[in-house]
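# Descriptive structure summary
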Amino acid sequence: MTDANLNKIVQLRLEKTAKALESNNMTAFIVQTKEEAAEKVKSLIKKGDVITSGGSVTLNECGIIDMVKSPDYCYLDRNAVPPEEVEDIYRKAFTADVYLSSANAITENGELYNVDGNSNRVAAIAYGPESVIIVAGYNKIVGSLDEAANRVKKTAAPSNTVRLNCDTYCAKTGECAAFAGKCPEEMTSGCSSDARICCNYLISAKQRHKGRIKVILVAENLGF
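The following paragraphs examine the structure supplied in this document. (Residues numbered from 1 in each chain as written. Predicted model: local features only at pLDDT ≥ 70, side-chain atom pairs only at ≥ 80, totals over all residues. Heavy atoms only, no water.)

## Let's talk about the state of the cysteines
The tally for this structure, following the rule as stated, stands at zero disulfides. Its sulfur unpaired, C170 is 6.3 Å from the next cysteine sulfur, which belongs to C191. (Disulfide = S-S within 2.5 Å.)

## Observations concerning the pattern of salt bridges
Scanning the model with the defined rule gives 10 salt bridges in all. For E35, the salt bridge identified is with K34, shortest N-O distance 3.9 Å. On the basis of relative accessible area, E35 is assigned to the partly exposed category, the value being 48%. Notably, a salt bridge pairs E175 with K154, separated by 3.9 Å at the nearest N-O pair. Here E175 is found in the loop between α8 (169-173) and β9 (200-204), whereas its partner K154 is found in helix α7 (residues 145-163), with 21 residues between them in sequence. Judged by its relative accessible area of 28%, E175 falls in the partly exposed class. (Salt bridge = Lys/Arg side-chain N within 4 Å of Asp/Glu carboxyl O. Buried < 20%, exposed > 50% of the residue type's maximum accessible area, 1.4 Å probe, protein only. Helix = DSSP H or I, 4+ residues; strand = E, 2+ residues; numbered from the N terminus.)

Written out as structure tokens, the structure reads:
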């Protein structure tokens, strides 16, 4: 059972982050469970929508990917096509009705922080799809962009390189090469592997198009 005192702090931090996201013209929702997150996503999409997504452990944990594979929607599934057709799915994302993703980190100042190797995900979040829906667990919330960068180097990137079988320093050691004195400890520092997944960095701050990005904050630990 979750301690009531800890839960109170979690709720306060979620509310603070949601308020900051709203001030940055992103629509924010707070839900308590991954099941509620899936229901919230369902309420934000409609039958017939063309939907695609970035690779996300969170979306799978919430059952959201299985949900949008329903015949009610047109889901562009990069995992259901031959390798030579994946690039076409990436490009079609720019004209999709809805793009689903998680975030590598979300600051209490209302900023989304995302780092990509292939970079189709950060590209689609920044521009293209009519609606972008971000689903993120409480564990993704950090105090600042510096903390966001460290979270990627210590948690998100190492976990994802293991998941994706990437031949990188962090997959072998559990943390970025920047923390081993292999390179300067800067936001974009890291290993020199060709399999590196930290290639392009996107910070989504104040948005010009109000409400295009929707962020569902979940009071559970989800994803990496």
